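Chain by chain, the residues run as shown.
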Amino acid sequence: MAFAAINGITVHYEFIGDPGARHTIVFSNSLGTDFRIWLPLFDELGDDVSVLLYDSRGHGLTGLGAAEFSMEDLVGDLVALVDHVGIGKAVFCGLSVGGMVVQGLWRKRPDLVRKLVLCDTAPKIGTAETWNNRIEAIRKTGLAGIADSVMERWFTNSFHEERRVDLAGYRLMLERQSAAAYIGTCEVIRDTDLSAIPPTITVPTLCVVGDQDGSTPPDLVRGMADMIPGARFEVIEGCGHIPCVEQPQRLAALIEPFVKGMKGRP
Ligand SMILES: O=C(O)CCC(=O)CC(=O)O
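Along each chain, numbering runs from 1 in the same order as the chain's sequence is written. Restriction of local features to residues with pLDDT of at least 70 applies here, the model being predicted, together with a cutoff of 80 or more for giving and counting side-chain atom pairs; totals for whole chains, interfaces and linings are based on all residues. Heavy atoms from the whole structure form the basis of all side-chain values; hydrogens and water molecules are not counted.

- Per an unreviewed UniProt entry, the protein chain goes by 3-oxoadipate enol-lactonase and derives from Ciceribacter ferrooxidans.

Structure (structure tokens):
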């Protein structure tokens, strides 16, 4: 557990693994989660991979700062953290809004990026109407009031039926986030359109999505992959919006060989 004073906030992060490891992956989390969502995936990666995990603004143990912030702020937090930790060039993997952040990082600091993994994300997610409705619902009922519908998008029916205790735990993760940070991040997603970025990406890029993702469905993610020269597009079967939790082995089977420059595991 480590903290850094960055851009006027306290950022919670963890670097796991050997600092001299051949491969470093930096993970950026999704709306309403903290960096613990990546731990099941980390368990599936080899010893020669080190990871940098962090809680995005207002999530987990990272401070919120001003209630209003922008995609530029979220990207700036990640850039400053990477500089603070001093990891140099790395693979960046972002989930959902985290995937938007790493697209923004590519635009701002391409020198830091070896490869990209864009997971259940897009350059533009949702519409102003859907985000405004969600924000209004949270203002009325809190995060607990939207938790059922979020869980339906995050996880498949099978997960709901077979992993009830885990489902309850991830629901608690959502409900314990700061409502102000969650709303601030909804506003950022609502106001962000990064469509100009994917065609400029020149590093190897893997785009991944769960076949039952209710937040960023496969067609949306395929549309982003089609915009990125040479990008690879993969669908994970039996998976909702959070593959690092629901299908960590299948996600690792795609990410690990991609990061190491090998052909995919069978
Ligand atoms: O997960 C994100 O970062 C944004 C997409 C979303 O709205 C997830 C959800 O459905 O709660």
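Structure's up, so let's keep going.
1. What to know about the confidence of the model for the protein chain
Predicted coordinates in areas of low pLDDT are best not read in detail.
So, step 1. Summary of the metric used: pLDDT quantifies the predictor's per-residue confidence within the range 0 to 100. This prediction gives the protein chain a mean pLDDT of 96; 98% of its residues lie at or above 70.
So, step 2. Reported confidence for the predicted complex is 0.96 by ipTM and 0.96 by pTM.

2. A few points about the pattern of salt bridges
So, step 1. Criterion for a salt bridge: a side-chain nitrogen of Lys or Arg within 4 Å of a carboxyl oxygen of Asp or Glu. The full count for this structure, using the stated rule, is 14 salt bridges.
So, step 2. Of the charged contacts, one joins Arg163 and Asp166 as a salt bridge, the two residues approaching to 2.9 Å between their closest N and O atoms.
So, step 3. The exposure class assigned to Asp166 is partly exposed, which follows from its relative accessible area of 32%.
So, step 4. Put simply, Arg171 and Glu175 hold a salt bridge, and the shortest N to O gap is 2.9 Å. One end of the pair is Arg171 and the other is Glu175, both in helix H6 (residues 164–175) and 4 residues apart, which spans about a single turn.
So, step 5. The cut-offs for exposure are 20% and 50% of the maximum accessible area for each residue type, with area from a 1.4 Å probe on protein chains only; residues under the lower value are buried, those over the upper are exposed, and the others partly exposed. A residue is classified by how much of its surface remains accessible, and Arg171, at 26% relative accessible area, is partly exposed.
So, step 6. Given a relative accessible area of 28%, Glu175 falls into the partly exposed group.
So, step 7. Several salt bridges converge on common partners, so that one network encompasses Asp48, Glu256 and Lys260. Segments assigned H or I by DSSP are reported as helices when at least four residues long, segments assigned E as strands when at least two residues long, and all are numbered from the N terminus.

3. Side note on the sheet that holds strand S2 (residues 9–16)
So, step 1. Taking strand neighbours across the sheet as the criterion, the 8 strands line up as S1-S2-S4-S3-S5-S6-S7-S8 in an open arrangement whose pairing is mixed. Sheet topology places strand S1 (2–6) and strand S8 (232–236) at the edges, where each strand pairs with a single neighbour. In this sheet, neighbouring strand axes are inclined to one another by 25° on average, regardless of whether the strands run parallel or antiparallel.
So, step 2. For strand S5 (residues 90–95) and strand S6 (residues 113–119), the ladder comprises 6 bridges, and the chain directions are parallel. Note that in S6 the partner of Phe92 across the bridge is Leu116.
So, step 3. The contact rule is simple, with two residues in contact once any of their heavy atoms fall within 4.5 Å. A fitted line through C-alpha atoms serves as each axis, taken over the contacting stretch for helices, and the angle formed by two N-to-C directions is quoted from 0 to 180°. The strands touched by helix H8 (residues 218–227) within the sheet are S6, strand S7 (205–210) and S8, with S7 carrying the most contacts at an inclination of about 170°. Strands pair, by our definition, only if DSSP identifies at least two bridges between them.

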